[in-house]
Amino acid sequence: MDDSGGPIASPVAEGKLEAAEREIMRWDSASRAAEDRMLFDSGDRSDAERFLRAVDEIRRSIKGPIAVGSPRRLSSSSYSGSTSANAIPIAMARLEDEFRNILVSRVNEFEIESLVDLSSLSMSTEEDSAGGDISDAHGGDISNAEGGEDWSLRASGLEGSSRVHSRKSSSYRSMRSIREIDLVPEDAIADLRSIAERMIASGYGRECVQVYGSSRKAVVDLCFRQLSVEKLSIGDVQRLEWDVLEAKIRRWIRAARACIRIVFASERRLCERVFDGLGSVPGGDDAPFSETVKGAAIQLFGFAEAISIGRRSPEKLFKILDLHDAISDLLPDIAAVFHSGSSGSIYTQATDIHSRLAEAVRGILSEFENAVLRDPSKIPVPGGTIHPLTRYVMNYISLISDYKQTLVELIVTVPSASSRFAGDDPAAGGPEIEFPEPENQSPLAAHLIWIIVILQHNLENKANLYKDGALSHLFLMNNVHYIVNKVKGSPELRELIGDDYLRKLTGKFRQSATSYQRATWVRILYCLRDEGIHVSGSFSSGVSKATLRERFRAFNTAFDEVHRTQAIWLVPDTQLREELRISISEKLLPAFRSFLGRFRHHIENGRHPEMYIKYSVEDLEAALSDFFEGCPPSALSRRRSH
């Protein structure tokens, strides 16, 4: 027994301990002789194994608590003797250097860009091109549109995006998942684990975690740079122009997939292989992984968070839906990667962003409805053609229907009763807009029908801007026909709108076509009536030639005016234009042929018949082909009867 009452160490044990201390001191990181040599670098493992055995021997010999702290500060220069307790900090300093060196030098090289191009993770070419077209389509704020010019630019862009985008039902639902890669070779993992085990057991787990985290963090940062993930604050993101932001959202979705499914997942796997089962790690078992990726993950999701809380406007809807769908698709993988400990907050952040994006979608749809209802443009479009607002709105809701799978889940309430008043203030008692509510209709379908209803209400107000009643009807016919065709042209939109409401829309444009014909042609056909022409009790032929001449003159004047005016009106749909001309021909030509046949000889037997009979039936038929072309009739088309 020694003076303290403890057992006296045997000479053999003392010899082993002294040998272990000498081994530790030989590799003291503060020694110049050992500074340039690494134990775990050479193919000869004997030095590394002797050093680890020496650490184990010294740890077994220490009965009291081991002094902990930075191995750098507790190296051999801090001690006058060479006790076992002094050797531990020196050994830990050495192991820290070895740990860092392995993490930096013995890694599997890879280019994250080459992995992102794998079919299991990358966006398809079609998705990229669709995103690009949509980006071009939303160049402004619907609520600020005045007149037709801005609407035209946005409408044409949306038509292009609709053609591309409709080829996919939802942009970013991939059903693809994690693909872990080996970041470090097997033998290096074994060395890392051996070192981590000694450092944690010796009370230097925090230092071990810090070295691990700082070394691996540099690799993660490199991957972020390769994927163009920028360090942007929420303010930076919200100050970006929308077209710039759209491109960044596309890149972010691609980068987020790679970061979650490759980078973070592989870092999680490496961390588990190095640290699992090594005892209590300071900060929790998740600490090494959290130290490595938490800052990067916060940076990654900070961009999506900035979008989720940014200013809402209709042109942002589709990119926000893309972002929402991408995060929806990634949430199971985020849960798998960030499933415990301090890193679990990343999953919570992702779910919060996902919820805010869903709320942003609902808010944007509501703002879009209000913008359509209250569009301020007061300038009638020339020729009664399709209003840019109509094109924009219908292309917009066609794109909405492409996101049906997502929006059916997000839109859970029908338009509120207070929104069904035309005035800005429902309490002021403005007229209520009639809103059909078919049974078994989803809330999303109700909103799309409501948008069409308020679009029609707006168009009726715009139709009143025309001084010519016939042109007002033609304008409504053109626009409602365009609405019908857009619904018919999109199977998803047609399914949501329903055939019952589609029939009502079809009836509306036909009613407008009928109203146009009445407003234009009733007064012209009235010139061809028999009433007042026949004279009874006369020595003449029983026909008042003066009245007959006046009828022909009135018909010529009226038709000339309509021909000149309505040639510059425009019916852009070729089939509708031809159908309207045929309908007019079926009323006008038989009436004129009959009138001319009955009374022509009365005029031709008199003086200057060409002053009254300007048109043959063929001339009228040719003139009708000028109607609704959007340009003045040519001189050649105005053929005259001889």
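Conventions adopted
- Residues numbered from 1 in each chain as written.
- Predicted model: local features only at pLDDT ≥ 70, side-chain atom pairs only at ≥ 80, totals over all residues.
- Heavy atoms only, no water.
- 1 Å grid on protein atoms, 1.4 Å probe; cavity = no way out; pocket = protein on both sides within 12 Å on 5 of 7 lines; lining within 4 Å.
- Points joined across faces, edges and corners; volume = space filled by probe spheres on them.
- Helix = DSSP H or I, 4+ residues; strand = E, 2+ residues; numbered from the N terminus.
- Nonpolar A, V, L, I, M, F, W, Y, C, P; charged D, E, K, R; others polar.
- Buried < 20%, exposed > 50% of the residue type's maximum accessible area, 1.4 Å probe, protein only.
- Contact = heavy atoms within 4.5 Å.
- Axes fitted to C-alpha atoms, helices over the stretch in contact; angles between N-to-C directions.
- Parallel < 35°, antiparallel > 145°, perpendicular 65-115°, else oblique.

The chain appears in an unreviewed UniProt entry as Exocyst subunit Exo70 family protein from Elaeis guineensis var. tenera.

Caption draft 1: View of empty space enclosed by the protein. Taken as a whole, this structure holds 2 cavities of 30 Å³ or more when the rule is applied. Forming the boundary of the largest cavity are L227, S228, V229, E230, L232, K248, R251, W252, A255, Q299, L300 and F303. For the lining of the largest cavity, the secondary-structure elements that each account for two or more residues are α11 (242–275) and α12 (287–308). When residues in the lining of the largest cavity are grouped by element, the largest group, 4 residues, is from α11. Each residue belonging to the lining of the largest cavity can be placed in one class, and the counts come to 7 nonpolar, 2 polar and 3 charged. Taken as a whole, the second largest cavity holds about 50 Å³ of empty space. In terms of lining, the second largest cavity is formed by I181, D182, L183, V184, I189, S266, R269, L270 and R273. Broken down by class, the residue content of the lining of the second largest cavity amounts to 5 nonpolar, 1 polar and 3 charged.

Caption draft 2: Quick peek at the side chain of S585. Structurally, S585 can be placed in helix α22 (residues 574–604). For S585, a relative accessible area of 17% corresponds to the buried category. Apart from residues lying up to four places away in sequence, S585 is in contact with P590 and L624.

Caption draft 3: The arrangement of the packing of α12 against helix α14 (residues 344–373) in detail. Where α12 meets α14, the axes come as close as 9 Å, and the angle between the chain directions of the two elements is 10°. Relative to α14, the element α12 lies roughly parallel. Along the contact surface, α12 presents K294, A297, I298, F301, G302, A304, E305, I307 and S308, while α14 presents S345, I346, Q349, A350, I353, R356, L357 and A360. For the contact of α12 with α14, a count of residues per class yields 10 nonpolar, 4 polar and 3 charged.

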